[in-house]
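# Coordinates in review
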Amino acid sequence: MSDRPIAVVTGASSGIGAATARRLAAEGYEVVLTARRAERIEELAATLTGGGRAARAHALDVTDRAAVDAFAASLERCDVLVNNAGGALGMDSVADADPGDWRAMYEVNVLGVLHVTQALLPALTASGAGTVVVVSSTAGHGTYEGGAGYVAAKHGAHVLAETLRLEIVDRPVRVIEIAPGMVRTEEFSLVRFGGDEARAAKVYEGVAEPLTADDVADTVAWAVTRPPHVNVDLLVLRPRAQASNTKVHREA
């Protein structure tokens, strides 16, 4: 059994999750990478261990409660949980939205966070200095046209974190919410627009420096590595070019 603190990262197969796993491994954590795509996380875990870091992979669908419970039971300890699994589907108006897309977004962005947090909360408490991180979005703090389904889901994740912090204030567990704005990753917008590369690229058109996955991972690692009595309740980060969800400077 490793004497390193253990950090569980959901949605670690790409983007912010993979970057966060790499960053926490560099900070000395043994990272447990979870995602549905086993091959991706196994490859990343092998890369990390090959570089002298401590990592292991566990294929997991956070919307499957039985699988989440079995995963939690398999861990010998848990010091940090980074609830990163999530995503957006479509940008239809409320009038035209597909209820199936809304349901899928709620399942992963809200119930997924609920499942994993509930399952690991006893271990996080037993650690004596546990940390729950919820990677939400600026969408959880403001609305925009065409985003109602994703906005509703991320508002749900925000409220879950805020309420949990109130409810477990007597336990040695911090609850941190990191809310990124425009982040350019290899998959987020591509998935949102059903693989339409041109439409996905247009999201970042003219924005010289959107945030990167590494920017968010660095922020997560900073918050997690504060002294245990310091709780970063909510940290919102955006690229300089983005003043709000709907105000973005785009160069010609």
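Residues numbered from 1 in each chain as written. Predicted model: local features only at pLDDT ≥ 70, side-chain atom pairs only at ≥ 80, totals over all residues. Heavy atoms only, no water.

On to the overall build of the protein chain. The secondary structure content of the protein chain amounts to eight helices and seven strands. In terms of overall size, the protein chain behaves like a compact globule, its C-alpha atoms giving a radius of gyration of 17 Å where 252 residues would be expected to give roughly 18 Å. Considering only contacts within the protein chain whose residues lie at least 6 apart along the sequence, 71% involve residues at least 24 apart. Counting every atom, the protein chain has about 11,800 Å² of accessible surface; 51% of that belongs to carbon and sulfur. Distance between charge centroids for the protein chain: 4 Å, based on 24 positive and 32 negative side chains. (Helix = DSSP H or I, 4+ residues; strand = E, 2+ residues; numbered from the N terminus. Rg over C-alpha atoms; globule rule 2.2 N^0.38 Å. Contact = heavy atoms within 4.5 Å. Areas by Shrake-Rupley, 256 points an atom, 1.4 Å probe, with all protein chains shown as cover. Lys, Arg positive; Asp, Glu negative; His and termini not counted. Charge placed at Lys NZ, Arg CZ, Asp CG, Glu CD.)

Further remarks concern the packing of helix H3 (residues 65-74) against helix H4 (residues 99-126). Where H3 meets H4, the axes come as close as 9 Å, and the angle between the chain directions of the two elements is 30°. Judged on the interaxial angle alone, H4 and H3 are roughly parallel. Two packed elements cross with a definite hand, and for H3 against H4 that hand is right-handed. Contacts from Arg 65, Val 68, Asp 69, Phe 71 and Ala 72 in H3 reach His 115, Val 116, Gln 118, Ala 119 and Leu 120 in H4. Residue composition of the contact of H3 with H4, by class: six nonpolar, two polar and two charged. (Axes fitted to C-alpha atoms, helices over the stretch in contact; angles between N-to-C directions. Parallel < 35°, antiparallel > 145°, perpendicular 65-115°, else oblique. Left-handed = near helix turned anticlockwise from the far one by under 90°. Nonpolar A, V, L, I, M, F, W, Y, C, P; charged D, E, K, R; others polar.)

Bringing the sheet that holds strand E7 (residues 234-237) into the picture now. The sheet built from seven strands is open, its strands ordered E3-E2-E1-E4-E5-E6-E7 with parallel pairing. Strand pairing shows two members of the sheet lacking a second neighbour, strand E3 (54-59) and E7, which therefore form its edges. Along the sheet, successive strands turn relative to each other by an average axial angle of 15°, direction set aside. Where helix H2 (residues 38-50) meets the sheet, its contacts fall on strand E2 (30-35) and E3, and the angle it forms with E3 comes to roughly 170°. (Pairing = 2+ DSSP bridges.)

A few words on the pattern of salt bridges. Applying the stated criterion across every chain, the model contains 10 salt bridges. For Arg 23, the salt bridge goes to Asp 218, with nearest N and O atoms at 2.9 Å. Within this pair, whereas Arg 23 is found in helix H1 (residues 15-26), its partner Asp 218 is found in helix H8 (residues 213-224), the two being separated by 195 residues in sequence. Overall, the relative accessible area of 27% leaves Arg 23 in the partly exposed class. A residue is classified by how much of its surface remains accessible, and Asp 218, at 38% relative accessible area, is partly exposed. Salt bridges sharing partners connect three or more residues here, namely Arg 23, Glu 27 and Asp 218. (Salt bridge = Lys/Arg side-chain N within 4 Å of Asp/Glu carboxyl O. Buried < 20%, exposed > 50% of the residue type's maximum accessible area, 1.4 Å probe, protein only.)

A few words on the nonpolar core. One finds Leu 24, Val 31, Leu 33, Val 82, Val 133 and Ile 178 to be the most contacted residues of the largest nonpolar core, which totals 35 residues. Residue assignment for this core shows that the elements contributing at least two residues are strand E1 (6-9), H1, E2, H2, strand E4 (80-83), strand E5 (130-135), strand E6 (173-180) and H8. Those residues in contact with Ile 178 that sit more than four places away from it in its chain are Val 133, Val 134, Val 135, Ser 136, Ser 137, Val 216, Thr 219, Val 220, Ala 223, Leu 235 and Leu 237. Grouped together as the second largest cluster of nonpolar side chains are 27 residues, Val 62, Ala 72, Leu 75 and Val 175 included. (Core = buried A, V, L, I, M, F, W, Y, C linked by side-chain atoms within 4.5 Å.)

Quick look at H4 now. Over its 28 residues, H4 extends 40 Å from the first C-alpha to the last, a length consistent with the 40 Å expected when each residue adds 1.5 Å. Along its length, H4 shows its largest kink, about 45°, at Leu 120, and proline Pro 122 lies within four residues downstream of that point. Along H4, the residues that are buried comprise Met 105, Asn 109, Val 110, Gly 112, Val 113, His 115, Val 116, Thr 117, Ala 119, Leu 120, Leu 121 and Leu 124. Turning to H4, the residues buried within the fold contact E1, H3, E4, E5, helix H5 (148-167) and E6. The distance from a side-chain oxygen at the start of H4 to the backbone nitrogen of Gly 100 is 2.7 Å, and the residue carrying that oxygen is Asp 98. (Expected span 1.5 Å × (residues − 1). Bend = angle between axes of the 7 residues up to and from the residue. Polar contact = N/O pair within 3.5 Å; in protein donor to acceptor, adjacent residues only side chain to side chain.)

Now for the pairing of E1. Taking every second residue as pointing to the same face, both faces of E1 are buried, with Ile 6 and Val 8 on one and Ala 7 and Val 9 on the other. In this view, the connection linking E1 to its parallel neighbour E2 by way of H1 has right-handed handedness. Where E1 and E4 come together, three bridges link them in parallel fashion. The residue bridging Val 8 from the neighbouring strand is Leu 81, located in E4. (Right-handed = clockwise from strand over helix to strand, strands pointing away.)

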